[in-house]
Amino acid sequence: MSTGRRTLLLGALGALAGCAAPAAAAPDPPDPVPSTSATLDVPPTPALVPRVWTFRAMTYNTLSGARSRSAFPHARASDIRFENRVPVLAEWILDARPDVLAIQENEPMRAPILRPLRSLLPLLHGYAAVQPDCDVPILYRTSVFRVADSGFRVLSRKRLVRNGTWARLVHKATGAELMVANTHLDPGDGDGAVRQRIVELEILTEWVAEANTGGAPLVLLGDFNVRDTRDRDGLVRNVDPVYAAGLRNSADVAEKITTKVSDASTFGGLGTEVAGKWRYGAIRRTGQAIDYIWVGQDVRVRAYQVYTGPSVRTIDGAAFFAEGVVPSDHCPVVADLSVPLS
């Protein structure tokens, strides 16, 4: 009997006897594939970088169209007329390219223009205005933002009528919200003016906080008529309600200062003294500010600038604005800001 037939016969007899034949041994498993982590340089997973969105904010006291040469006796009457200044105002704004712009002194003026913004806004292509018929409107670039809500209120009538505005803007690209507020506080250096500005700031900051129900990042802009003299802690004096609201001066926390003319003042007065003589268009360089951009704790200030126009020239060793009409007695303040996406 052959070996193969004997194996089959034994298997069959074992099955009949209730005993299974021994199972064949399982083949040896294949050698494991070596791990590539030991032979390849695999980079670690990069840390997640928080996404942010950025925008440019600007505040600009555009000098009321109701002002006359009597307020600026050294300047020519033609240089004060609003119809001569408005195209230059538009040129400065368009050159600075703000996404959000707070304007002050949009006060009623002679007919046929009821307010300066009525003639300025048509020259600012791509911008729209919030509360355009008050003295402190907010402008925004329509390709970047849309308006969710806005508000206006009188802050004081004691000395002069002082107002505030706010706008809750939606960033179109991300859907994130931004709270923007604008004001123009009482002028003057006396104790009464100081106290009145404090009252106005208390009303303004509380009102804006109540309106900002969603806790959106806040930017407060305006002409505060407060010189940036400092106390022993390095804080601007006489703006306590602003600090109490958790806001910071963008000039103090900016990562870089990009002002083209060092120590340029935000209040220029249309000119200043050069070699003992008042010169129209000379840039005042006291280093002081009365115009501010204040930001919340969640807003990062990438750059800060006292903007002195599209170009600057040098005459007799002093810095001057570009040739032609000086658009306002203030220089705008510009800040590049970024906010993380939640």
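Structure: above.
Now for a description of the structure that goes with this document. (Residues numbered from 1 in each chain as written. Predicted model: local features only at pLDDT ≥ 70, side-chain atom pairs only at ≥ 80, totals over all residues. Heavy atoms only, no water.)

Attention now goes to empty space enclosed by the protein. Using the criterion set out here, one finds 1 cavity of 30 Å³ or more in the structure. Space inside the largest cavity adds up to approximately 40 Å³. Forming the boundary of the largest cavity are Thr 62, Phe 82, Leu 89, Ile 103, Asn 106, Pro 116, Leu 117 and Leu 120. When residues of the lining of the largest cavity are traced back to their parent elements, those giving at least two are α3 (82-96) and α4 (116-120). Of all the elements, α4 adds the most residues to the lining of the largest cavity, at 3 residues. The residue inventory of the lining of the largest cavity, partitioned by class, reads 6 nonpolar, 2 polar and no charged. (1 Å grid on protein atoms, 1.4 Å probe; cavity = no way out; pocket = protein on both sides within 12 Å on 5 of 7 lines; lining within 4 Å. Points joined across faces, edges and corners; volume = space filled by probe spheres on them. Helix = DSSP H or I, 4+ residues; strand = E, 2+ residues; numbered from the N terminus. Nonpolar A, V, L, I, M, F, W, Y, C, P; charged D, E, K, R; others polar.)

Before going further, it helps to spend a moment on the side chain of Ser 156. Its place among the elements puts Ser 156 in strand β5 (residues 145-156). Engagement of the side chain of Ser 156 in a polar contact is seen with the side chain of Gln 196, the distance being 2.6 Å. Residues in contact with Ser 156, not counting those within four places in the same chain, are Val 161, Arg 162, Asp 186, Gln 196 and Glu 200. (Polar contact = N/O pair within 3.5 Å; in protein donor to acceptor, adjacent residues only side chain to side chain. Contact = heavy atoms within 4.5 Å.)

Look at any regular strand and the pattern is simple: side chains alternate between the two faces of the sheet. Among the 5 residues in strand β2 (residues 100-104), 5 count as buried, and that is most of the element. Side chains Val 100, Ala 102 and Gln 104 of β2 all project onto a buried face; the interleaved residues Leu 101 and Ile 103 project onto the opposite face, where all are buried too. Here strand β1 (residues 52-61) runs beside β2; their pairing, made up of 5 bridges, is parallel. Pairing of Asn 61 across the sheet is with Gln 104, part of β2. Pairing between β2 and strand β4 (residues 138-141): 3 bridges, direction antiparallel. (Buried < 20%, exposed > 50% of the residue type's maximum accessible area, 1.4 Å probe, protein only. Pairing = 2+ DSSP bridges.)

We now examine the pattern of salt bridges. Side-chain pairs of opposite charge can arise whenever the charged atoms involved come near each other. As enumerated under the stated definition, the model contains 11 salt bridges in all. The closest approach of N and O atoms between Asp 186 and Arg 159, which form a salt bridge, is 3.7 Å. Residue Asp 186 is found in the loop between β7 (177-184) and α5 (191-211), and its partner Arg 159 is found in the loop between β5 and β6 (162-171); the two are separated by 27 residues along the sequence. We note a salt bridge from Arg 279 to Asp 316, for which the minimum N-O separation is 3.1 Å. Here Arg 279, found in strand β11 (residues 277-280), pairs with Asp 316, found in the loop between β14 (312-315) and β15 (318-321); they are 37 residues apart in sequence, far enough to count as distant. What you see here is one network of salt bridges that share partners, running through Arg 159, Arg 162 and Asp 186. (Salt bridge = Lys/Arg side-chain N within 4 Å of Asp/Glu carboxyl O.)

What follows deals with the layout of surface pockets. Taken as a whole, the largest pocket encloses approximately 500 Å³ of empty space. As for the largest pocket, its lining consists of 24 residues, and the residues nearest its centre are Asn 225, Arg 227, Phe 267, Ile 290 and His 330. Grouping the amino acids of the lining of the largest pocket by side-chain chemistry returns 5 nonpolar, 10 polar and 9 charged.

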